[in-house]
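# Commentary on secondary and tertiary structure
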Amino acid sequence: MAPGTIDAMQVVHAPIHADHDPGHEVQAGRIVPALEIPARADAILAALRAEPRHRIVPPTPFGDAPLAAVHDPGLLAWLARAWEGWVAAGHPGPLIPDTFPLTRYHARMPEAERPDGAIGAAGYWVFDTMSAIGAGTWPAARAAADVALTAAEAVLAGAPAAYGLCRPPGHHAARAMAGGYCYLNNAAIVAEHLVARGAGRVGILDVDYHHGNGTQQIFWERADVPYLSLHADPHRAYPYFSGFPGETGGGTGAGATRNIPLPAGTDDDAYLDALDTGLDWLAGRHDGIVVVSLGIDTYRADPIGDLGLTTDGYRRIGARVAATGARLVILQEGGYHVGDLGRNVAAWLDGAELGAAG
Ligand code: OKP
Ligand code: ZN
């Protein structure tokens, strides 16, 4: 075997993801069936199971400390009890807020008391109407963080790459708010954990279709966790309010954030060019481990995306990222074309194996 070859990539998976299934969301004024559904993870698992070299393992529980290292204690406490409070208030459907405290709400006034009613608290902690919470959301979100941390431990132990089949995803969850189908920021929790475990500077490469506003915010002032994101231009795409090229980090993290917005229809070749630009920027800013926020909603047939990537493109992208020589903690984010999702993730991981083999 060539040096660096990834044999038997560890795939971490927790079946409890399926308990997070609130059913629907509110998009642009319409109630629509949820897009971030259990079938996504089932499809990925089935495709990876079909390749016997992937070793599928359950997560190890890491407890509260790695979550508290990244998230506001108020958010964690609310998430743990939100569903209970919603039901107790007599709401029949999933928890979806409708009223939000924009920064201008309290402009020139003191911030009001924190809301304690079910709907007010929901709008306080969740920033959109698409990230519904149901009975199984909190246990699934916690398990997804453990999935991510377990993959990180495999890389710390020397594996050139490991994959965490996280569901729900994480990159929109900020220090003190959930949103964008995300409740806990799996990639941020892992990056912070790796830093605490002595990995030095840890890079984050976010290739989801959407800008990872939560990850960017969490590490905004951190030079030791550089954040690179390629995503659909926020002029047209969710989350609309971040991901522009002028956002480059602040304070001690000035220059350690890089955003590369992409036009609609971006194909494999154009994407790989942008990726090269980004990877050149990231090189030398980390000490050997890169956390990959792997979204597959860049797929040409994705129902909510408008980029043009193909299955073969994912193989090339995985190879390109692995060819940097970084060890990879690869974490699932979005990707909503359930029919092709499994083969696209499998292609990315196959590419990573090839790239690492050089
Ligand atoms: C989560 B992850 C499109 C609305 C988009 C929310 C998208 C959350 C994506 N009309 N809704 O980054 O894949
Ligand atoms: Zn996405």
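Located above this text is the structure these notes cover.
Everything numeric in this text was worked out from a predicted model, so none of it was measured.

## As for the layout of surface pockets
As a volume, the largest pocket reaches approximately 1,200 Å³. Together, 32 residues line the largest pocket, and Pro 101, Leu 102, Thr 103, Phe 127 and Met 177 are the ones closest to its centre. Secondary-structure elements contributing two or more residues to the lining of the largest pocket are helix H4 (118–125) and helix H7 (213–218). Considered class by class, the residues forming the lining of the largest pocket number 17 nonpolar, 9 polar and 6 charged. Space inside the second largest pocket adds up to approximately 340 Å³. Surrounding the second largest pocket, 22 residues form its lining, Met 130, Tyr 181, His 210, Tyr 238 and Ile 304 being those nearest its centre. Of the residues in the lining of the second largest pocket, the class split is 11 nonpolar, 6 polar and 5 charged.

## Points about the packing of aromatic side chains
Geometrically, a pair of aromatic rings is defined through the distance of the ring centres and the angle of the planes. Within this structure, the stated rule accounts for 5 aromatic pairs. Centre to centre, the rings of Tyr 124 and Trp 125 are 4.8 Å apart; their planes meet at 85 degrees, and the pair counts as edge-to-face. Arranged with centres 5.7 Å apart and planes meeting at 75 degrees, the rings of Tyr 181 and Tyr 336 form a pair that is edge-to-face. You can see Tyr 181 sitting in the loop between strand S5 (161–164) and helix H6 (186–196) and its partner Tyr 336 sitting in the loop between strand S10 (327–332) and helix H10 (338–357), a full 155 residues away along the chain. Exposure class is identical for Tyr 181 and Tyr 336. Each is buried. Three or more aromatic residues link up through ring pairs in this structure, and these residues are Tyr 238, Tyr 240 and Phe 241.

## Topic: H4
Think of an α-helix as turning once every 3.6 residues; residues three or four places apart then point the same way. Regarding H4, the residues found buried are Ala 121, Ala 122, Gly 123 and Trp 125. Of the surrounding elements, those touching the buried residues of H4 are helix H3 (73–88).

## Structural notes on the sheet that holds strand S1 (residues 10–12)
Ordered by their spatial adjacency, 8 strands build an open sheet running S4-S1-S5-S10-S9-S6-S7-S8, and the pairing between neighbours is parallel. Edge strands, defined here as strands with exactly one partner in the open sheet, are strand S4 (55–57) and strand S8 (257–262). Taken over all neighbouring pairs, the strand axes of this sheet differ in orientation by 15 degrees on average, direction set aside. The pairing of S5 with S10 spans 4 bridges and is classified as parallel. The residue of S10 that forms the bridge with Ala 161 is Leu 328.

Conventions we followed
Residues numbered from 1 in each chain as written. Chains lettered and ligands numbered in written order. Predicted model: local features only at pLDDT ≥ 70, side-chain atom pairs only at ≥ 80, totals over all residues. Heavy atoms only, no water. 1 Å grid on protein atoms, 1.4 Å probe; cavity = no way out; pocket = protein on both sides within 12 Å on 5 of 7 lines; lining within 4 Å. Points joined across faces, edges and corners; volume = space filled by probe spheres on them. Helix = DSSP H or I, 4+ residues; strand = E, 2+ residues; numbered from the N terminus. Nonpolar A, V, L, I, M, F, W, Y, C, P; charged D, E, K, R; others polar. Phe/Tyr/Trp six-rings, centres within 6.5 Å; stacked < 30°, edge-to-face > 60°. Buried < 20%, exposed > 50% of the residue type's maximum accessible area, 1.4 Å probe, protein only. Contact = heavy atoms within 4.5 Å. Pairing = 2+ DSSP bridges. Axes fitted to C-alpha atoms, helices over the stretch in contact; angles between N-to-C directions.

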